[in-house]
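Structural overview for review
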Amino acid sequence: MPRVSELFFKTAIVFLILGIGAGLQMAISGDHGAFPAHAHINLLGWVTSAIFGGYYGLNPAKAERRIAMIHYGLYTVGLVIMLPALYWMLAAGHPEIEPVVAIGSLIVAAAVLTFAFIVFSSAETVRSATVAPAQ
Ligand code: HEM
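As a starting point, this report considers the structure included with it. (Residues numbered from 1 in each chain as written. Predicted model: local features only at pLDDT ≥ 70, side-chain atom pairs only at ≥ 80, totals over all residues. Heavy atoms only, no water.)

Bringing the pattern of salt bridges into the picture now. If you walk through the whole model with that rule in mind, you get one salt bridge. Across the pair E6 and K10 runs a salt bridge whose closest N-O atoms are separated by 3.7 Å. Within this pair, E6 and its partner K10 are both found in helix 1 (residues 3-29), separated by four residues, close to a single helical turn. (Salt bridge = Lys/Arg side-chain N within 4 Å of Asp/Glu carboxyl O. Helix = DSSP H or I, 4+ residues; strand = E, 2+ residues; numbered from the N terminus.)

Structure follows, in structure tokens:
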């Protein structure tokens, strides 16, 4: 499995554990106020990361390009900023943290556009955009 797939799956399982933890916390406490954070941890953190990992597993030529690792880094940093802030905002009632959620969301959106570029580019285009030509 390509390294970027491995990283996406490792990140995904961490978010699934956190997402389930948030779900159990809501179910046990009976307070479902943070359900949008739970849903985003599971869907952006677990499901989407695992789909990215699966895509690179099926496209090893694209997985080897530097831009794939840039995609992983951007997406993961975006989630690490956005999701805890979203949870904190909803579960603990801190609306003032919303700008942090917004910054994380924009980084996540940029990562998704990077992935769109990778998907629509041929492996060779991605290579020439990210790897210096051999002398
Ligand atoms: C042990 C695992 C889980 C528990 C205990 C759990 C618990 C919950 C609870 C209590 C709610 C709030 C329901 C409401 O107030 O309407 C909820 C909502 C939600 N959960 Fe989970 N969940 C779990 C796993 C997952 C997973 C794995 C996903 C996605 C991959 C997921 C996606 C969602 C979504 C999208 C919502 C919002 C649904 C709505 O808008 O009504 N959950 N969950």
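Okay, back to it.
A few words on helix 4 (residues 66-91). Across its 26 residues, helix 4 extends 37 Å between first and last C-alpha, which sits within 8% of the 38 Å expected from 1.5 Å per residue. Backbone geometry just after helix 4 places G93 at a positive phi near 65 degrees. (Expected span 1.5 Å × (residues − 1).)

What follows concerns the site of the ligand. Around the ligand lies a shell formed by L16, I20, G23, L24, M26, H32, F35, H38, A39, N42, L43 and V47. H32 places a side-chain nitrogen or oxygen 2.7 Å from an oxygen atom of the ligand. H38 has a polar side-chain atom sitting 2.8 Å from a nitrogen atom of the ligand. Taken together, the elements giving at least two residues each to the shell around the ligand come down to helix 1 and helix 2 (35-58). Of all the elements, helix 2 adds the most residues to the shell around the ligand, at six residues. Of the residues belonging to the shell around the ligand, the class tally is eight nonpolar, four polar and no charged. (Near = heavy atom within 4 Å. Polar contact = N/O pair within 3.5 Å; in protein donor to acceptor, adjacent residues only side chain to side chain. Nonpolar A, V, L, I, M, F, W, Y, C, P; charged D, E, K, R; others polar.)

Once that is clear, we can look at the environment of G104. Within the fold, G104 resides in helix 5 (residues 98-120). Judged by relative accessible area, G104 falls into the buried class, the value being 0%. Sequence-wise, G104 and L24 are 80 residues apart; in three dimensions their C-alpha atoms are separated by 25 Å. In this structure G104 touches G78, I81 and M82, once residues within four positions along its chain are discounted. (Buried < 20%, exposed > 50% of the residue type's maximum accessible area, 1.4 Å probe, protein only. Contact = heavy atoms within 4.5 Å.)

An ideal rise of 1.5 Å per residue puts 39 Å on 27 residues; helix 1 measures up with 39 Å between its terminal C-alpha atoms. On its buried side, helix 1 packs onto helix 2, helix 3 (60-63) and helix 4.

On to the nonpolar core. Judged by nonpolar contacts, the single largest core of 27 residues is most densely connected at V4, F8, Y56, Y75 and L79. Going through the elements one at a time, helix 1, helix 2, helix 4 and helix 5 are the ones with two or more residues in this core. Considering every element that reaches this core, the biggest residue donor is helix 4, with 10 residues. Not counting residues up to four positions away in its chain, the partners in contact with Y75 are F8, L44, T48, S49, F52, V108, A111 and V112. (Core = buried A, V, L, I, M, F, W, Y, C linked by side-chain atoms within 4.5 Å.)

When only protein atoms are considered, the iron atom of the ligand has one donor, H38 (NE2), at a distance of 1.9 Å. By the element assignment, H38 lies in helix 2. (Donors = N, O, S within 2.8 Å, 3.2 Å for Na, K, Ca; no water.)

Given two aromatic rings, one states the distance between the centres and the angle between the planes to describe the pair. Within the structure shown, the criterion is met by nine aromatic pairs. Measuring from ring centre to ring centre gives 4.9 Å for F52 and Y75, while their planes differ by 85 degrees; the resulting arrangement is edge-to-face. Residue F52 is found in helix 2, and its partner Y75 is found in helix 4; the two are separated by 23 residues along the sequence. By relative accessible area, which is 4% here, F52 ends up buried. (Phe/Tyr/Trp six-rings, centres within 6.5 Å; stacked < 30°, edge-to-face > 60°.)

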